[in-house]
Amino acid sequence: MNSKKINFAVTLVLALAFSFFLPWWSVMLAAFITAFRLPLKGISVFLIPFLAISLFWGIYAYLLASENSFILSKKIAVLLPLKGSPYLLILVTAVVGGLAAGIAAIFGKQCQLLLRKK
């Protein structure tokens, strides 16, 4: 298994585990830890945690929205400029989570490089 797949899986598992007892920013902590301990190179530092957390938040948002037949997500989508589409709201949620994780992973990689130089 290559390092990208391992980083993806570890990020996903840590985010799931942290989400049981930490608030929404637990995905950022998971991405930071995996980027610090399992470093990647190039654009993969941002892209792998972005995809892992986007998948996680997208599925989680879909499951939460489907529990009440998308009633709440339709109302929130009306408030935002999403034309009342609950699926666009789920997509936006996934992208926001992915961006948070990707930025945290870049920070984790930079911290790892900073500590390695000393």
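For the structure itself, look to the data block above.
Throughout what follows, the structure given in this document is the object of discussion. (Residues numbered from 1 in each chain as written. Predicted model: local features only at pLDDT ≥ 70, side-chain atom pairs only at ≥ 80, totals over all residues. Heavy atoms only, no water.)

## Looking at the nonpolar core
Convention followed: In this text, buried Ala, Val, Leu, Ile, Met, Phe, Trp, Tyr and Cys residues form a nonpolar core when linked through side-chain atoms within 4.5 Å. Categorising residues by exposure relies on relative accessible area from a 1.4 Å probe, with only protein chains included: less than 20% of the type maximum marks a residue as buried, more than 50% marks it as exposed, and the intermediate range marks it as partly exposed. Secondary structure elements follow DSSP: runs of H or I no shorter than four residues count as helices, runs of E no shorter than two count as strands, and numbering proceeds from the N terminus. Note on contacts: a residue pair qualifies if any of its non-hydrogen atoms lie within 4.5 Å across the two residues.
Counting twelve residues, the largest nonpolar core is built from Ala15, Phe18, Val27, Ala30, Ala31, Ala35, Ile53, Phe56, Trp57, Ala101, Ala104 and Ala105. With four residues, the single largest contributor to this core is helix α2 (residues 26–37). The contact partners of alanine 15, leaving out residues within four places of it in the chain, are Ser26, Val27, Ala30, Ile53 and Phe56.

## Brief notes about unusual backbone geometry
Even without being glycine, serine 69 reaches a positive phi, approximately 55°. Mapped onto the fold, serine 69 is located in the loop between α3 (44–67) and α4 (71–79). The class for serine 69 is exposed, based on a relative accessible area of 53%. Backbone geometry places lysine 83, a non-glycine residue, at a positive phi of 55°. Residue position: lysine 83 is located in the loop between α4 and α5 (86–117).

## Some words on the packing of aromatic side chains
Defined as follows: Stacked, tilted and edge-to-face pairs are distinguished by plane angle, under 30 degrees for stacked and over 60 for edge-to-face with tilted covering the rest, among Phe, Tyr and Trp rings (Trp via its six-membered ring) whose centres lie within 6.5 Å.
This structure, assessed with the given rule, holds seven aromatic pairs. Measuring from ring centre to ring centre gives 6.1 Å for phenylalanine 18 and phenylalanine 21, while their planes differ by 75°; the resulting arrangement is edge-to-face. Overall, the relative accessible area of 15% leaves phenylalanine 18 in the buried class. Within the aromatic cluster, the residues linked to one another by ring pairs are Phe32, Phe36 and Phe107.

These figures capture arrangement, not role.
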